[in-house]
Amino acid sequence: MTKTNAGRFFEDYSVGQVIRHAVPRTVKMGERALYHALYPARHALYSSDQFAQACGLPFSPLDDMIAFHVIFGKTVPDVSLNAVANLGYAEGRWVTPVWPGDTLRSESEVIGLKQNSNGKTGVVWVRTRGLNQHDELVMEYVRWVMVRKRDIDAPAQDTVVPELKSVVPAGALVIPKGLDFSTYDFDLAGEPHRWGDYAIGEVIDHVDGVTIEEAEHMMATRLWQNTAKVHFDATFRPDGQRLIYGGHVISMARALSFNGLANAQMIVGLNGGAHANPCFSGDTVRAWSEVLDKAETGAPGVGAVRLRLVAVKDGGSFELKGEDGKYLPHVLLDLDYWALMPV
């Protein structure tokens, strides 16, 4: 008998199965420092206690994407250790801010299964919940991954494909307690553009680019305790390349979006997302955003804006898909999210 963990394969999952993930992690200011070292992150609410306090918060929370990475990373050994690809996201909500000193843990429920026609892999849908030390819900999301089968002759399980909302309703977004943008300091935030200045359908080129380095990607993936083999083991893929963790691309694109969306301070909803094509060391990532929708909130001075964030490599165009409906080769990420912005 072996005591080591080879990870779950497709036939190891069943609908309704609940997985409590190891290992809880206490996050402090070190995570913020490393996050800002890895990405050109400059949003003021996550950089300054004074700015956050002027916006009604007790002090500056940790970045929303730090919460996502930590909670996501916990799930990898149980959900995607043997994954071929992470396919998409839906129904994501950030519910409680993460403060330095919080301890985060994750649990997932299997909500869907579908074996692929090749009989070698299948798609697994899970709903993941991140909780803090008070058992408060920090965030939740659905993701689906393509996972290898251990035994290709194993019979296919019954197909269950969950019905997922295409958009998190604006009324379901959670505004952090006390958040108040009525005296928002646009000078300190870095741009004058407020909620009313953005038009639905508007496209924003974020201009800047960052070349992905192998060392930084490896540091980030280890930081978030993501153990997926495709990110570490160069023998795991036929091409001998280590795949860049998709969350690394998300954070890079989000940070690049500061140029044009400096006041899109807090991410509160994840409507959908796809890692359209693989990213490798040496690729230069650029980003653009499209304004998809806007909504008022009940918080003073706070509006919600729905954005499509697209990351492309090596100077790709604003085109997303070809005539066949498939993503063009230069598209790395297509992410649909809600953010909070001063009105």
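Scroll up a little and you will see the structure.
Values in this document were obtained by computation on a predicted structure and should not be read as measured data.

(A) Region of interest: the overall build of the protein chain. Across its full length, the protein chain carries eight helices and eleven strands. Along the longest, intermediate and shortest principal axes, the C-alpha atoms of the protein chain span 65 × 45 × 40 Å. Per-residue burial over the protein chain gives 53% buried out of 343 residues. Within the protein chain, residue pairs in contact and separated by at least 24 positions form 78% of the contacts whose partners lie at least 6 positions apart. Total accessible area computed for the protein chain in this model is approximately 14,500 Å², and 52% of it derives from carbon and sulfur atoms. Each charge class in the protein chain was averaged separately, 33 positive and 41 negative side chains, and the resulting centres sit 7 Å apart.

(B) Geometry of the pairing of strand S8 (residues 266-275). Most of S8 sits inside the fold, with nine of its ten residues counted as buried. Bridge count between strand S3 (residues 83-94) and S8: four bridges; the pairing is antiparallel. Following the sheet pairing, alanine 90 is matched in S8 by glycine 272. Examined bridge by bridge, S8 and strand S11 (residues 331-342) share eight bridges and lie antiparallel to one another. By the bridge assignment, alanine 274 is partnered in S11 with aspartate 334.

(C) The arrangement of the environment of glycine 269 in detail. Here glycine 269 is to be found in strand S8. For glycine 269, a relative accessible area of 0% corresponds to the buried category. It is 6.6 Å that separates the C-alpha atoms of glycine 269 and valine 168, two residues lying 101 residues apart in sequence. Excluding residues that lie within four positions of it along the chain, glycine 269 makes contacts with Gly92, Arg93, Trp94, Leu173, Asp336, Tyr337 and Trp338.

(D) Molecular detail of the packing of aromatic side chains. Enumeration according to the criterion identifies eleven aromatic pairs in this entry. A ring pair is formed by phenylalanine 68 and phenylalanine 72, whose centres lie 5.6 Å apart and whose planes are at 40°; its orientation type is tilted. On the criterion of helical spacing, the pair formed by phenylalanine 68 and phenylalanine 72 is a turn pair, its members being four residues apart in helix H3 (residues 64-79). Of the two residues, phenylalanine 68 and phenylalanine 72, both sit in the buried class.

(E) The nonpolar core, seen in detail. In terms of nonpolar packing, the biggest core is built from 58 residues, with Tyr39, Phe68, Trp94 and Trp224 touching the most fellow members. Ranked by residue count, the leading element in this core is H3, at eight residues. For tryptophan 224, the residues in contact, after removing those within four places along its chain, are Arg25, Glu31, Tyr35, Tyr39, Ile66, His69, Val70, Gly73 and Tyr245.

(F) Spatial organisation of unusual backbone geometry. Cis geometry is found at the peptide bond from alanine 22 to valine 23, where omega equals -5°. Tracing the chain through its elements places valine 23 in the loop between strand S1 (18-20) and strand S2 (25-26). We note that aspartate 135 has phi near 65°; this positive angle belongs to a residue other than glycine. Structurally, aspartate 135 is set in the loop between strand S5 (121-131) and strand S6 (137-148). At valine 207, a residue that is not glycine, the phi angle is positive and equals roughly 70°.

(G) Focus on the pattern of salt bridges. Taken as a whole and judged by the stated rule, the model has 13 salt bridges. Aspartate 135 is paired through a salt bridge with arginine 105; the nearest N and O atoms lie 2.4 Å apart. Remark: arginine 105 occurs in strand S4 (residues 103-115) and aspartate 135 occurs in the loop between S5 and S6; sequence separation between them is 30 residues. The exposure class assigned to aspartate 135 is exposed, which follows from its relative accessible area of 54%. Ionic contacts of the salt-bridge type, sharing partners, join the residues Arg105, Glu107, Arg129 and Asp135 into one network.

(H) Seen up close, the pairing of S11. Where burial is concerned, most of S11 is hidden: twelve out of the twelve residues are buried. Note: strand S10 (residues 302-313) against S11, eleven bridges, orientation antiparallel. What sits directly across from arginine 306, in S11, is tryptophan 338.

Reading the values: the criteria
- Residues numbered from 1 in each chain as written.
- Predicted model: local features only at pLDDT ≥ 70, side-chain atom pairs only at ≥ 80, totals over all residues.
- Heavy atoms only, no water.
- Helix = DSSP H or I, 4+ residues; strand = E, 2+ residues; numbered from the N terminus.
- Buried < 20%, exposed > 50% of the residue type's maximum accessible area, 1.4 Å probe, protein only.
- Contact = heavy atoms within 4.5 Å.
- Areas by Shrake-Rupley, 256 points an atom, 1.4 Å probe, with all protein chains shown as cover.
- Lys, Arg positive; Asp, Glu negative; His and termini not counted.
- Charge placed at Lys NZ, Arg CZ, Asp CG, Glu CD.
- Pairing = 2+ DSSP bridges.
- Phe/Tyr/Trp six-rings, centres within 6.5 Å; stacked < 30°, edge-to-face > 60°.
- Core = buried A, V, L, I, M, F, W, Y, C linked by side-chain atoms within 4.5 Å.
- Salt bridge = Lys/Arg side-chain N within 4 Å of Asp/Glu carboxyl O.

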